[in-house]
Amino acid sequence: MTHAQQDVATRLKNHFSVRVINEAHYMAECWHDSQRATWTPDTARNLQQAAGRLQRYAERYEQREHQEIAAQVLQVMQQVASDQGRLTTATIEVLDLLMQRLCEARLQLASDQAMPDAEQVRTRSKPLYLALDDRGQAELLATQLAFYGMQAQVLHDAAGLREAFGKRYPLALIMDVDFVAEGQGLVLVAEVQSRAEARVPVVFFSSDRADAMIRLAAVRIGGEAFLQGELEAPAILEVIETTVVPGMREPSRVLVVDDSRAQSMLTARVLNSAVIMTRTVHNPTLALRELDEFNPDLVILDMYMPECSGPELARMIRQCDRFDSIPIIYQSAEEDLDKQLWAMQQGADDFLTKPVRPNVLIATVRNRVARARGLKARMVRDSLTGLYNHTHIQQLLEESHERARRLSRRLSVVMLDIDHFKQVNDTHGHPLGDRVIKSLAMLLKQRLRKSDMIGRYGGEEFVLILPDADGIQAAAVVNELLERFRHMDFQGVSGAFSCSFSAGVAECRPDQDQPALDWITLADQALYSAKSRGRNQVVIA
Ligand SMILES: Nc1nc2c(ncn2[C@@H]2O[C@H](COP(=O)(O)OP(=O)(O)OP(=O)(O)O)[C@@H](O)[C@H]2O)c(=O)[nH]1
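The model shown is predicted, which means the values in this text are computed figures rather than measured ones. (Residues numbered from 1 in each chain as written. Predicted model: local features only at pLDDT ≥ 70, side-chain atom pairs only at ≥ 80, totals over all residues. Heavy atoms only, no water.)

A.B. asks: Outline the UniProt feature "modified residue: 4-aspartylphosphate" (unreviewed entry) in the chain, supporting the account with residue identities and numerical values.
C.D. replies: UniProt marks Asp302 with the feature "modified residue: 4-aspartylphosphate" (unreviewed entry), using the numbering shown here. Among the secondary structure elements, Asp302 is positioned in the loop between strand S8 (298–301) and helix H13 (310–318). We classify Asp302 as buried; its relative accessible area is 8%. Sequence-distant contacts of Asp302, that is, excluding residues within four places in its chain, are made with Val257, Asp258, Asp259, Gly310, Tyr330, Gln331, Ser332 and Lys354. (UniProt positions renumbered as here; feature names shortened; annotations may be inferred. Helix = DSSP H or I, 4+ residues; strand = E, 2+ residues; numbered from the N terminus. Buried < 20%, exposed > 50% of the residue type's maximum accessible area, 1.4 Å probe, protein only. Contact = heavy atoms within 4.5 Å.)

A.B. asks: If you had to explain the packing of aromatic side chains to someone new, which residues and values would you point to?
C.D. replies: Inspection of every chain in the model, using the stated rule, returns 7 aromatic pairs. Ring centres 5.6 Å apart and planes at 80 degrees place the aromatic pair Phe165 and Tyr169 in the edge-to-face group. When its relative accessible area of 36% is taken as the criterion, Tyr169 is described as partly exposed. The interplanar angle of 40 degrees and the centroid separation of 5.5 Å between the aromatic rings of Tyr330 and Phe351 together place this pair among those described as tilted. (Phe/Tyr/Trp six-rings, centres within 6.5 Å; stacked < 30°, edge-to-face > 60°.)

A.B. asks: Summarise the site of the ligand; cite the residues concerned and give the values.
C.D. replies: Neighbouring the ligand are 16 residues, the closest being Phe421, Asn425, Asp434, Arg456 and Arg535. One of the side-chain nitrogen or oxygen atoms of Arg535 is found 2.8 Å away from an oxygen atom of the ligand. Relative to its free-state accessible area of 670 Å², the ligand is covered by the protein chains to the extent of 66%. Elements that contribute at least two residues to the shell around the ligand include exactly strand S11 (411–418), helix H17 (421–428) and helix H18 (430–447). The element best represented in the shell around the ligand is H18, accounting for 4 residues. In the shell around the ligand, the residues fall into 3 nonpolar, 5 polar and 8 charged. (Near = heavy atom within 4 Å. Polar contact = N/O pair within 3.5 Å; in protein donor to acceptor, adjacent residues only side chain to side chain. Areas by Shrake-Rupley, 256 points an atom, 1.4 Å probe, with all protein chains shown as cover. Nonpolar A, V, L, I, M, F, W, Y, C, P; charged D, E, K, R; others polar.)

A.B. asks: Please give an account of the UniProt feature "domain: GGDEF" (unreviewed entry) in the chain that cites residues and values.
C.D. replies: Per the UniProt entry, the sites bearing "domain: GGDEF" (unreviewed entry) are residues 409–541 in this numbering. Helix and strand shares over residues 409–541 are 44% and 28% respectively, and the end C-alpha atoms of the span are 19 Å apart.

A.B. asks: Summarise the pairing of S11; cite the residues concerned and give the values.
C.D. replies: When you tally the buried positions in S11, you get 8 out of 8 residues, the bulk of the element. What you see with S11 is no split at all: Leu411, Val413, Met415 and Asp417 on one side and Ser412, Val414, Leu416 and Ile418 on the other are buried throughout. Alignment of S11 against strand S13 (residues 461–467), held across 7 bridges, turns out to be antiparallel. Of the residues in S13, the one forming a bridge with Leu416 is Phe462. With 7 bridges connecting them, S11 and strand S16 (residues 501–507) associate as antiparallel partners. When the sheet's bridge partners are listed, Asp417 is paired in S16 with Ser502. (Pairing = 2+ DSSP bridges.)

A.B. asks: Explain the sheet that holds S11 to me, and be specific about the residues and the numbers.
C.D. replies: As summarised here, the arrangement of the 5 strands in space is S12-S13-S11-S16-S17, forming an open sheet in which the pairing is mixed. Every interior strand has two partners, whereas the edge strands, strand S12 (453–458) and strand S17 (538–540), have only one. Ignoring which end each strand starts from, the neighbouring axes of this sheet average 20 degrees apart. (Axes fitted to C-alpha atoms, helices over the stretch in contact; angles between N-to-C directions.)

A.B. asks: Can you explain the domain arrangement of the chain? Please cite residues and give values.
C.D. replies: As a measure of interface size, the accessible area lost when the parts come together is often cited. Domain assignment breaks the chain into domain 1 (3–120), domain 2 (126–244), domain 3 (253–371) and domain 4 (390–540). With centres defined by C-alpha atoms, the gap from domain 1 to domain 2 works out at 30 Å. (Domains from an automatic or database assignment.)

A.B. asks: Account for the sheet that holds strand S4 (residues 202–206), naming residues and giving values.
C.D. replies: Ordered in space as S2-S1-S3-S4-S5, the 5 strands form an open sheet in which the pairing is parallel. The open sheet is flanked by strand S2 (152–154) and strand S5 (223–228), the only strands paired with a single partner. Across the sheet, the mean angle from the axis of one strand to that of its neighbour is 20 degrees, orientation sign disregarded. Bridging between strand S1 (residues 128–131) and strand S3 (residues 172–176) involves 4 bridges; their strand directions are parallel. By the bridge assignment, Tyr129 is partnered in S3 with Leu173.

A.B. asks: Tell me about the pattern of salt bridges, and name the residues and values.
C.D. replies: The full count for this structure, using the stated rule, is 26 salt bridges. With its nearest N and O atoms 3.5 Å apart, the salt bridge here joins Arg195 to Glu191. On the criterion of helical spacing, the pair formed by Arg195 and Glu191 is a turn pair, its members being 4 residues apart in helix H8 (residues 184–195). By relative accessible area, Glu191 is classed as buried at 19%. Between Arg484 and Glu480 there is a salt bridge, with the nearest N and O atoms lying 3.1 Å from each other. Here Glu480 and Arg484 lie together in helix H19 (residues 471–486), a separation of 4 residues that amounts to about one turn. (Salt bridge = Lys/Arg side-chain N within 4 Å of Asp/Glu carboxyl O.)

A.B. asks: Explain the environment of Leu527 to me, using residue names and the numbers behind them.
C.D. replies: Positionally, Leu527 belongs in helix H20 (residues 517–532). For Leu527, a relative accessible area of 4% gives the class buried. Leave out the neighbours within four places in its chain, and Leu527 touches Met415, Asp417, Glu461, Ser502, Ala503 and Gly504.

A.B. asks: Could you give an account of the packing of H18 against H19, naming the residues involved and the relevant values?
C.D. replies: At their nearest, the axes of H18 and H19 sit 11 Å apart, and the two run at 140 degrees to each other. Relative to H19, H18 is oriented oblique. Where H18 crosses over H19, the handedness of that crossing is right-handed. Residues Val436, Leu440, Leu443, Leu444 and Arg447 of H18 touch H19, and the partners they reach there are Glu480, Leu481, Arg484 and Phe485. The residue makeup of the contact of H18 with H19, split by class, is 6 nonpolar, no polar and 3 charged. (Parallel < 35°, antiparallel > 145°, perpendicular 65-115°, else oblique. Left-handed = near helix turned anticlockwise from the far one by under 90°.)

A.B. asks: Which residues make up the side chain of Glu23, and what are the values?
C.D. replies: Among the structural elements, Glu23 can be located in helix H1 (residues 3–34). For Glu23, a relative accessible area of 14% gives the class buried. Setting aside anything within four residues of it in sequence, one finds Glu23 in contact with Arg53, Leu54 and Tyr57.

Next up, the structure:
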């Protein structure tokens, strides 16, 4: 083969490899959709067929990682079939891990170079449709959202909207109430909803109109949320995460505390059939440990148990700050209303009287989990950047530290601080200072892995938690970020300017008996060294 022919062959191969990504998507979507419905033989068949197709494409286009993941999904599906088509917590867990791996799998191109990240991100999941009256603003938002790993498609007019819906349903639609003409956004959504098989999640927006009548009209045609004023990417992400599809990406986790094995098995079976993971504890005194280990979204308690009653356990759970917001539901044969009310007062949220119909149990759990996840997502985020806030990133470090210790994995912590930031504020004003902070936040989101955690620790100070990275690897990643950040231009009052940051890296040694937060202190000391050595650099502790 001549050079030119080889070149063409390589390009063709790269072009067709992208089909593997499309198949991967389809399979991940099948899985995520199943979490909102009940698991049926049809769902199982769809997933199996999708895995089969992915395996064939991946084999043909030599995408080994995708091929391996598809083969494993097929194996799990065989196990499900031999279990009379039933899902168990173990199969849900394995399938979910495989889907997560799939989202992170990189396409190996013929030139042996991985695809650029943005490309992976763009093809990762369903798009968000943006129908705003101000088209320039919509384009800008789409670019910003791409930084956060969300693909957004701008719709220009009614015909464009109909065409887009004809091709693909979106993750959600962000609709300006005055899209194209006054009040027309409401009319178009009503049309879309009347044609759609399932309700389309819609977030309405208005820069200046939000009176009760408009809000009422929006609610009547299925508006999930109403945004007002200036529309920014973090606000859109927050509303998607908290209201539209709360926790959609991960199966819910329920801890069942019941001394009766038969009852807890029945509860687990019902919940597993709705793609909800469960863990059962028969001895309530072990429940606190399981709460830490399993990290459930919700707890189901029996009321009468020998070692410790349900209400006593509810009180114990509520006395731990970290479990304060976990919904607790009793499931008991107790019919005396006074006793039920008393039990609820001990810190629980709901009471289901046995026998509980499976669809009632599933709906109750789903609603409570969705609400709790939504509230939690709001509580743990910093409003300016959408990153995790100070308290939550500390909590995440403690959890990651514990996981790294248990699994003997590496873990690094980074403290990062923008250099001479006071000068930026003083020279260019606070709003531009905010823009610099947000841009760095977006850069971090865009460049780091999905499994990495990013927090805004203080004003212009950030904390990164990098699992599976040693100090040297973490420093290399942060140096690359620094290089990119230095090259970002900001338009100031007297022309363009750029910024740098300093960072301190600490490789955690989870085997050493040291509190997790000590590693932040160590990273902070390294940051201090970086500042005193002249800033604009990364120092390893
Ligand atoms: N625009 C903006 N400024 C903030 C925010 N939070 C804190 N700041 C400002 O960030 C500046 C931080 O300044 P310093 O701690 O003195 O540090 P510095 O100027 O960055 O200097 P070095 O860290 O030593 O390089 C202060 O002026 C704060 O008012 C915020 O949310 N937005």
